[in-house]
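# Working through the structure, step by step
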Amino acid sequence: MASPASDNEEICQNMSEVKINEEDEDSEDNSSDTSEDSVEIEVPFKVGMWDLKQCDPKRCTGRKLMRLEMIDKLGMSARFNGIVLTPVATESVSAKDNQIIAEYGVAVVDCSWARLNDTPFHKLQHRKAKKNLRLLPYLVAANPVNYGHPSKLSCVEALAAAMYIAGFKEIGDLYMSKFNWGPTFTRLNQELLDSYAECKDGKEIVAFQNQYLDQLDYDCQRDRNFPESSSDSSSDNDVDTTVPNQ
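Below you will find a few notes about this structure. (Residues numbered from 1 in each chain as written. Predicted model: local features only at pLDDT ≥ 70, side-chain atom pairs only at ≥ 80, totals over all residues. Heavy atoms only, no water.)

## Structural notes on the packing of aromatic side chains
- Following the criterion strictly, the structure yields five aromatic pairs and no others.
- An angle of 65° between the planes, with centres 4.9 Å apart, marks the rings of F45 and F168 as edge-to-face. In this pair, F45 is assigned in the loop between α1 (8–14) and β1 (47–51) and F168 in the loop between α4 (155–165) and α5 (169–176), connecting sequence segments 123 residues apart. Comparing F45 with F168 shows no difference in burial state: the two are buried.
- Between F179 and W181, the aromatic rings sit 5.3 Å apart at their centres with planes inclined by 40°, giving tilted as the arrangement. Each member of the pair F179 and W181 is classed as buried.
- The ring of F179 carries K64 above its face, with NZ or CZ at 4.9 Å from the centroid. (Phe/Tyr/Trp six-rings, centres within 6.5 Å; stacked < 30°, edge-to-face > 60°. Helix = DSSP H or I, 4+ residues; strand = E, 2+ residues; numbered from the N terminus. Buried < 20%, exposed > 50% of the residue type's maximum accessible area, 1.4 Å probe, protein only. Lys NZ or Arg CZ within 6 Å of the ring centre and 35° of its normal.)

## What to know about the sheet that holds strand β3 (residues 83–85)
- Pairing is parallel in the open sheet, where five strands are placed in the order β2-β1-β4-β3-β5. Lying at the two open borders of the sheet, with one neighbouring strand each, are β2 (72–74) and β5 (133–134).
- Bridging between β1 and strand β4 (residues 106–110) involves five bridges; their strand directions are parallel. Paired with V47 across the strands is V106, a residue of β4.
- Where α4 meets the sheet, its contacts fall on β1, β3 and β4, and the angle it forms with β4 comes to roughly 155°. (Pairing = 2+ DSSP bridges. Contact = heavy atoms within 4.5 Å. Axes fitted to C-alpha atoms, helices over the stretch in contact; angles between N-to-C directions.)

## Remarks on the packing of α4 against α5
- Interaxial distance between α4 and α5 falls to 7 Å at its minimum, and their mutual angle equals 165°. Between α4 and α5, the angle falls in the class roughly antiparallel. Regarding α4 and α5, the two cross each other, and that crossing is left-handed. The segment α4 lies against α5, with V156, E157, A160, M163 and Y164 engaging K169, I171, G172, Y175 and M176. (Parallel < 35°, antiparallel > 145°, perpendicular 65-115°, else oblique. Left-handed = near helix turned anticlockwise from the far one by under 90°.)

## What about the side chain of S94?
- Mapped onto the fold, S94 is located in the loop between β3 and α3 (98–104).
- Aside from chain neighbours lying at most four places away, what touches S94 is I165, A166, K200, D201, G202 and I205.

## Some remarks on unusual backbone geometry
- Non-glycine residue E69 carries a positive phi angle of around 60°.
- One can find E69 in the loop between α2 (61–67) and β2.
- Given a relative accessible area of 73%, E69 falls into the exposed group.
- You will see that S151, though not glycine, has its phi angle at about 75°, which is positive.
- By the element assignment, S151 lies in the loop between β5 and α4.

## So, empty space enclosed by the protein
- Summed over the entire model, instances satisfying the criterion amount to one cavity of 30 Å³ or more.
- Lining the largest cavity, in full, are A160, A161, Y164, G172, D173, M176, F185, T186 and L193.
- Listed by contribution, the elements that provide at least two residues to the lining of the largest cavity are α4, α5 and α6 (182–198).
- For the lining of the largest cavity, the residue count by class is six nonpolar, two polar and one charged. (1 Å grid on protein atoms, 1.4 Å probe; cavity = no way out; pocket = protein on both sides within 12 Å on 5 of 7 lines; lining within 4 Å. Points joined across faces, edges and corners; volume = space filled by probe spheres on them. Nonpolar A, V, L, I, M, F, W, Y, C, P; charged D, E, K, R; others polar.)

And the structure:
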């Protein structure tokens, strides 16, 4: 996902945020367009979603996945034993979750970023399987609503990132291919996703993330202090490759 140069300061200010993504209700109408590069493969595990109906159904990535029969809608009391992506978790998703996802699947809570405080996470079934609650590490959104913003991912971005990190890259790519902006998410976050996937557990991922964010902070401070030298050394094509990912 390309981020305008003017977004650099906001990225610096928000780089310490580590949240999972949920689709924002103000998503662009074209956010659900399908990429022409879509390639169908079998998904050998369950993919679920708690739909809290906080988003515009015509713009929600989770609901598009439902229409494509690529995600199952979960009731508030539904039993789900797989990995659950939620901001109330304390551990990052990692390669260690590969077997849990393979056997039980992965799910996300579909709510609006603007209404996190109103979201009854405590009422969802995943409270019964707290050991499987997961956060996502630092990544940059490519969806039209939060394009260029750290951590504010849509449902499909969150699911695809978790799949990628846990060792299901091709399936993650399949989900992103259903949106015309989807491949941009992987391209912008490629280096980070690959690095996270190489970490053995959540602790290693957090350590790598923190190291990355420290370097990002240093680079942002340097660019503020030496704006002319920074602009002189950057090409017009640097936007896509230097957007901070995690």
